Amino acid sequence: MRLILLGPPGAGKGTQAQRLVERYNIPQLSTGDMLRAAVAAKTPVGVKAKAVMDAGELVSDAIVNAIVAERIDQPDCANGFILDGYPRTLPQADAVQAMLAERNQTLDAVVELVVDDKALVGRIVNRAREAQAAGQPVRKDDNPEVFEERLREYYKKTAPLIGYYYAKGMLKGVDGMASIDEVTGAIEATLDAAGAK
Ligand code: AMP
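Residues numbered from 1 in each chain as written. Predicted model: local features only at pLDDT ≥ 70, side-chain atom pairs only at ≥ 80, totals over all residues. Heavy atoms only, no water.

1. Comments concerning the packing of aromatic side chains
Going through the model one piece at a time under the given rule, you end up with 2 aromatic pairs. For the ring pair Y164 and Y165, a centre distance of 4.8 Å and an interplane angle of 85 degrees mean the geometry is edge-to-face. In this pair, the class of Y164 matches that of Y165, namely buried. Directly above the ring of Y164 sits K168, whose terminal nitrogen or CZ lies 4.9 Å from the centroid. (Phe/Tyr/Trp six-rings, centres within 6.5 Å; stacked < 30°, edge-to-face > 60°. Buried < 20%, exposed > 50% of the residue type's maximum accessible area, 1.4 Å probe, protein only. Lys NZ or Arg CZ within 6 Å of the ring centre and 35° of its normal.)

Next comes the structure, spelled out in structure tokens:
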């Protein structure tokens, strides 16, 4: 199964992706995680991306498209993958379509986690607090100031993907305000109904 999880920052894409990994036995491809790993390893991509990410802006399409194109050729992606945080712009959506077409692969579904904006900043602040309490590193962009910019970027550049996938008949909206378990159940029901394998 090849799936895209769409939604603003704090919508629960990462949390839900991890659960779907277990259920469908396919990897979660989070471009945010991959970029953070590149930043931590100080690779040329990481060095370029760091300031952009810290400011809550989007890394260039060329960089993320290249990362994803390389990642989906890894053996663990043979049976599918969950794209979490990618695509985030219309050119990225076109790129993923081209990547899949080149590989004779198709997308099964695009799941949009529909959430109330007002709840998002609270979720991000919570995530930072929980990471700190668990002794884990706190993301530099998980604070209310940078979050505002991340949300602006979402509306400007990512929200148009909702119309893009709706027009293709691929968009499945799920209420992201329900409990984590309920959201997982709703996504699974949606995927089952769509006949995703
Ligand atoms: P995330 O972990 O998905 O919230 O991503 C954290 C940050 O990584 C974003 O705010 C962007 O700076 C960058 N990023 C992650 N995915 C993408 C993407 N698909 N396109 C551009 N920038 C991205």
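So that's the structure; there's more coming.
2. Some points on the side chain of D84
Tracing the sequence through the fold places D84 in strand β3 (residues 81-84). Put simply, D84 is tucked away with no salt bridge, and the nearest opposite charge, on K13, sits 5.1 Å away. (Helix = DSSP H or I, 4+ residues; strand = E, 2+ residues; numbered from the N terminus. Lys, Arg positive; Asp, Glu negative; His and termini not counted. Salt bridge = Lys/Arg side-chain N within 4 Å of Asp/Glu carboxyl O.)

3. So, the nonpolar core
Soluble globular proteins tend to pack their nonpolar side chains together in the buried interior. One finds L35, L83, Y86, V110 and Y165 to be the most contacted residues of the largest nonpolar core, which totals 29 residues. For this core, the secondary-structure elements that each account for two or more residues are β1 (2-6), α2 (31-40), α3 (44-54), α4 (61-71), β3, α5 (90-102) and α8 (160-167). Looking at this core, the element that brings in the most residues is α5, giving 5 residues. Discounting residues that sit within four places of it in the chain, L35 has contacts with V45, A49, M53, V59, I63, V64 and I67. Counting 21 residues, the second largest nonpolar core, distinct from the first, contains L120, F147, L151 and L191. (Core = buried A, V, L, I, M, F, W, Y, C linked by side-chain atoms within 4.5 Å. Contact = heavy atoms within 4.5 Å.)

4. A word on helix α9 (residues 180-193)
Within an α-helix, residues lying three or four positions from one another point in the same direction, as the helix has 3.6 residues per turn. Its 14 residues place the ends of α9 20 Å apart at the C-alpha level, agreeing with the 20 Å of an ideal helix rising 1.5 Å per residue. Turning to α9, its buried residues are V183, T184, I187, E188, T190 and L191. Buried residues of α9, seen end-on, are gathered within an arc of 160 degrees and therefore sit on one face of the element. When the buried face of α9 is taken as reference, the exposed residues oriented beyond 90 degrees from it are D181, E182 and A193. Tucked into the core, α9 has its buried residues touching β1, α1 (13-24), β4 (109-114) and β5 (171-175). Phi turns positive, to about 75 degrees, at G195, one or two residues after α9. (Expected span 1.5 Å × (residues − 1). Arc of directions from axis to C-beta.)

5. A word on the site of the ligand
Among the 16 residues in the neighbourhood of the ligand, the closest are listed as T31, R36, E57, G85 and Q92. One nitrogen or oxygen atom from the side chain of T31 is found 2.7 Å from a nitrogen atom belonging to the ligand. A distance of 2.9 Å separates a nitrogen atom of the ligand from a polar atom in the backbone of G85. If the ligand stood free it would expose 480 Å²; the protein chains cover 96% of that surface. A total of 4 residues in the shell around the ligand trace back to one element, the largest contributor, which is α2. In terms of residue class, the shell around the ligand is built from 6 nonpolar, 4 polar and 6 charged. (Near = heavy atom within 4 Å. Polar contact = N/O pair within 3.5 Å; in protein donor to acceptor, adjacent residues only side chain to side chain. Areas by Shrake-Rupley, 256 points an atom, 1.4 Å probe, with all protein chains shown as cover. Nonpolar A, V, L, I, M, F, W, Y, C, P; charged D, E, K, R; others polar.)

6. Notes on the pattern of salt bridges
Within the structure shown, the criterion is met by 17 salt bridges. A salt bridge links D141 to R150; the nearest nitrogen and oxygen atoms lie 3.8 Å apart. Its relative accessible area of 9% is what places R150 among the buried residues. Each of R127, R139, D141, D142 and R150 takes part in salt bridges that share partners, so that together they form one network.

7. Considerations on the pairing of β4
Taken across its 6 residues, β4 has 5 buried, putting it largely inside the fold. As defined by bridge partners, β1 adjoins β4 across 4 bridges and the pair is classed as parallel. Within β4, the residue paired with L5 across the bridge is V111. Of the strand pairs in this sheet, β4 and β5 are connected by 5 bridges, and their pairing is parallel. Bridging across to β5, L113 finds its partner in V174. (Pairing = 2+ DSSP bridges.)

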